[in-house]
Amino acid sequence: MKASVKIRKGLERFVGTYDGNLKLFERCFEVTAQLSDDALEIEGGEANVRRARRLIEEYAELVESGIHFESAEIESYLRIISQDPDATLKGLAEAGRPRAFGKKSITPKSLNQRLYVDAIERHDMVFGIGPSGTGKTYLAVAMAVDALLTKEVSRIILARPAVEAGERLGYLPGTVQEKVNPYLRPLYDALYDVLDPDRVERYLEKGIIEIAPIAFMRGRTLNDAFVILDEAQNTTSEQMKMFLTRLGFNSKAVVTGDVTQIDLPNGRRSGLVEAVEVVAKVLGISFVYFTERDVVRHSLVQRIIRAYEEFDQIRVARANGERSARNGEAKPANGERLANGPAAPVQGATPKD
């Protein structure tokens, strides 16, 4: 089936740099598209062409009505629509316009990112779980800054477990704060990206923004605050329980982590893994799970994450196969002596008194 739709304004932004958005459009709707003057010709299956045509018509109407789209914004909306068949460009444009966080405007770049932002707005506690590069920490920090600037909260508290990954803190030079700062650097980076550096420094000096290891949370009640626990997969069960019970009045908490990158010593169970089991059904808590499709870094990162997942599946299958083989070998043949026990009687033999 073929269809042609006129786009009088904003055609170059819809197409994107080096036709990037147009190629994404073709992949999302499984159609082929050709530019012809101010029109876009689509070819493919009837249902796919119908959906693709509806999106282009919506885009043309929205642009004609005065709505301005950036090329990166169109890319984000296309990704969301490809993952959610019920989503429409008009609905996303009206409900998901870029949000102003400090010095930046940010648009969720995937369906799960949009669900994540919505969950943070609607719930007092949200868990964001998934691979690195999916925007879990960045969006949480942006939402915290937005809550602070709009006076929904009076302070931001960012916490991280200081897990020793290869070197011991005691051997690192400097004060305690200087020793743990490298573990907290990603939180600083997100803050400086969202807020002006002068304002960040001012807020840090006044204690309006606090960045500290999770151990510093013990014994506190966090009222009127937006609290973020990052890298939660490296908390112990005791640390996670302690953090989750710090929440005070008029506060929000966001817990982020990647359960595939646990750096705890062998034998220690991740507090995040346990929390998913313990509080999954608690009213008022929301869980948002990210996948490699939500990675907003270099496209190569998605493929690397997928390769590791496939490798882990093969390794688990191989280990299960080896375990089954060993169990099969361990079964004693008729008449063989069992480990730490008497010999199995041979069929037809008469046992002695």
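Residues numbered from 1 in each chain as written. Predicted model: local features only at pLDDT ≥ 70, side-chain atom pairs only at ≥ 80, totals over all residues. Heavy atoms only, no water.

**Regarding the overall build of the protein chain**
Turning to step 1, where the next piece is worked out: When helices and strands are tallied, the protein chain shows 12 helices and 11 strands.
Turning to step 2, where the next piece is worked out: When the 353 residues of the protein chain are sorted by exposure, 42% land in the buried category. (Helix = DSSP H or I, 4+ residues; strand = E, 2+ residues; numbered from the N terminus. Buried < 20%, exposed > 50% of the residue type's maximum accessible area, 1.4 Å probe, protein only.)

**Section: the sheet that holds strand β8 (residues 209-213)**
Turning to step 1, where the next piece is worked out: Here six strands make up an open sheet; going across it, the order is β8-β7-β9-β10-β6-β11 and the pairing parallel. In this open sheet, the two edge strands, each paired with only one partner strand, are β8 and β11 (285-289). Across the sheet, the mean angle from the axis of one strand to that of its neighbour is 15°, orientation sign disregarded.
Turning to step 2, where the next piece is worked out: The strands touched by helix α7 (residues 136-149) are β6 (125-129), β7 (155-160), β8, β9 (225-229) and β10 (252-257); relative to β9, the strand with the most contacts, the crossing angle is about 170°. (Pairing = 2+ DSSP bridges. Axes fitted to C-alpha atoms, helices over the stretch in contact; angles between N-to-C directions. Contact = heavy atoms within 4.5 Å.)

**So, the pairing of β8**
Turning to step 1, where the next piece is worked out: In terms of burial, β8 is largely enclosed, as four of its five residues are buried.
Turning to step 2, where the next piece is worked out: In this structure, β7 lies alongside β8, joined through five bridges in parallel fashion. Note that in β8 the partner of R160 across the bridge is P213.

**Things to note about the side chain of T236**
Turning to step 1, where the next piece is worked out: You can see T236 is positioned in the loop between β9 and α10 (237-244).
Turning to step 2, where the next piece is worked out: Accessibility expressed as a relative area gives 12% for T236, which makes it buried.
Turning to step 3, where the next piece is worked out: Once residues lying within four places of it in the same chain are set aside, the contact partners of T236 are L264, R268, R269 and G271.

**Points about the nonpolar core**
One recurring pattern in soluble globular proteins is that nonpolar side chains are buried together.
Turning to step 1, where the next piece is worked out: Counting 34 residues, the largest nonpolar core has Y116, L191, I209, I211, F226 and I228 as the members making the most contacts within it.
Turning to step 2, where the next piece is worked out: Among the secondary structure elements, those contributing two or more residues to this core are α6 (111-122), α7, β7, α8 (176-194), α9 (197-206), β8 and β9.
Turning to step 3, where the next piece is worked out: Looking at which element gives the most residues to this core, the answer is α7, with nine residues.
Turning to step 4, where the next piece is worked out: Dropping the residues within four chain positions of it, I228 is found in contact with A140, V141, A144, I157, L158, A159, F243 and V254. (Core = buried A, V, L, I, M, F, W, Y, C linked by side-chain atoms within 4.5 Å.)

**Some points on the packing of aromatic side chains**
Turning to step 1, where the next piece is worked out: Enumeration over the complete set of coordinates arrives at six aromatic pairs.
Turning to step 2, where the next piece is worked out: Between F14 and Y59, the aromatic rings sit 5.0 Å apart at their centres with planes inclined by 50°, giving tilted as the arrangement. Of the two residues, F14 sits in helix α1 (residues 11-15) while Y59 sits in helix α3 (residues 46-64), which places them 45 residues apart along the sequence.
Turning to step 3, where the next piece is worked out: Here Y116 and F290 contribute two aromatic rings whose centre-to-centre distance is 5.2 Å and whose plane-to-plane angle is 80°, an arrangement assigned as edge-to-face. Here the residue Y116 occupies a position in helix α6, and F290 occupies one in the loop between β11 and α12 (299-330), the gap between them amounting to 174 residues. For the residue pair Y116 and F290, the accessibility class agrees, reading buried in each case.
Turning to step 4, where the next piece is worked out: In textbook terms, an aromatic cluster arises when at least three aromatic residues are bridged by ring pairs, as seen for F14, F25, F29 and Y59. (Phe/Tyr/Trp six-rings, centres within 6.5 Å; stacked < 30°, edge-to-face > 60°.)

**A look at the pairing of β10**
Turning to step 1, where the next piece is worked out: Most of β10 is tucked away, with six of its six residues classed as buried.
Turning to step 2, where the next piece is worked out: Residues K252, V254 and T256 of β10 are buried on one face, and the alternating residues A253, V255 and G257, pointing to the opposite face, are buried as well.
Turning to step 3, where the next piece is worked out: With five bridges connecting them, β6 and β10 associate as parallel partners. Residue pairing in the sheet places M125 in a bridge with A253 of β10.
Turning to step 4, where the next piece is worked out: Judged from the four bridges that link them, β9 and β10 form a sheet pairing that is parallel. Bridge pairing links F226 to K252 in β10.

**Thoughts on the side chain of D230**
Turning to step 1, where the next piece is worked out: Looking at the element boundaries, D230 is found in the loop between β9 and α10.
Turning to step 2, where the next piece is worked out: With relative accessibility at 2%, the residue D230 sits in the buried group.
Turning to step 3, where the next piece is worked out: Here T137 takes part through its side chain, which lies 2.5 Å from a polar atom of the side chain of D230.
Turning to step 4, where the next piece is worked out: Excluding residues that lie within four positions of it along the chain, D230 makes contacts with T137, A159, R160, P161, L187 and T256. (Polar contact = N/O pair within 3.5 Å; in protein donor to acceptor, adjacent residues only side chain to side chain.)

**What about the confidence of the model for the protein chain?**
Turning to step 1, where the next piece is worked out: Summary statistics for the protein chain give a mean pLDDT of 79 and a share of 80% for residues scoring 70 or more.
Turning to step 2, where the next piece is worked out: When pLDDT is averaged over each element of the protein chain, β6 comes out on top at 96 and strand β4 (residues 99-101) at the bottom at 59.
Turning to step 3, where the next piece is worked out: Within the model, pLDDT remains below 50 along residues 164-169, and this stretch shows eight contacts once partners closer than five positions in the same chain are excluded.
Turning to step 4, where the next piece is worked out: Here residues 335-353 is a poorly scored stretch, pLDDT under 50, and it has nine contacts once near neighbours within four places are set aside; other chains count. (pLDDT = per-residue confidence, 0-100.)

**Some thoughts on the pattern of salt bridges**
Side chains that differ in sign of charge can pair as their charged atoms come close.
Turning to step 1, where the next piece is worked out: Considering all chains together, one arrives at nine salt bridges under this definition.
Turning to step 2, where the next piece is worked out: Put simply, E57 and R53 hold a salt bridge, and the shortest N to O gap is 3.0 Å. Taken together, the residues span about one helical turn, with E57 and R53 both in helix α3 at a distance of four residues.
Turning to step 3, where the next piece is worked out: Here R220 ties to E210 by a salt bridge, and the two come within 2.8 Å at their closest N and O atoms. Taken together, the residues span a long stretch of sequence, with R220 in the loop between β8 and β9 and E210 in strand β8 at a distance of 10 residues.
Turning to step 4, where the next piece is worked out: Exposure remark for R220: the relative accessible area of 21% places this residue in the partly exposed category.
Turning to step 5, where the next piece is worked out: By relative accessible area, which is 22% here, E210 ends up partly exposed. (Salt bridge = Lys/Arg side-chain N within 4 Å of Asp/Glu carboxyl O.)

**Observations regarding unusual backbone geometry**
Turning to step 1, where the next piece is worked out: Of note in the backbone geometry, E30 takes a positive phi value of approximately 55° without being a glycine.
Turning to step 2, where the next piece is worked out: Residue position: E30 is located in the loop between α2 (20-29) and β2 (31-36).
Turning to step 3, where the next piece is worked out: Under the relative-accessibility criterion, E30 is labelled exposed at 61%.
Turning to step 4, where the next piece is worked out: In this structure, E231 takes a positive phi of about 55° despite not being glycine.
Turning to step 5, where the next piece is worked out: Relative to the helices and strands, E231 is located in the loop between β9 and α10.

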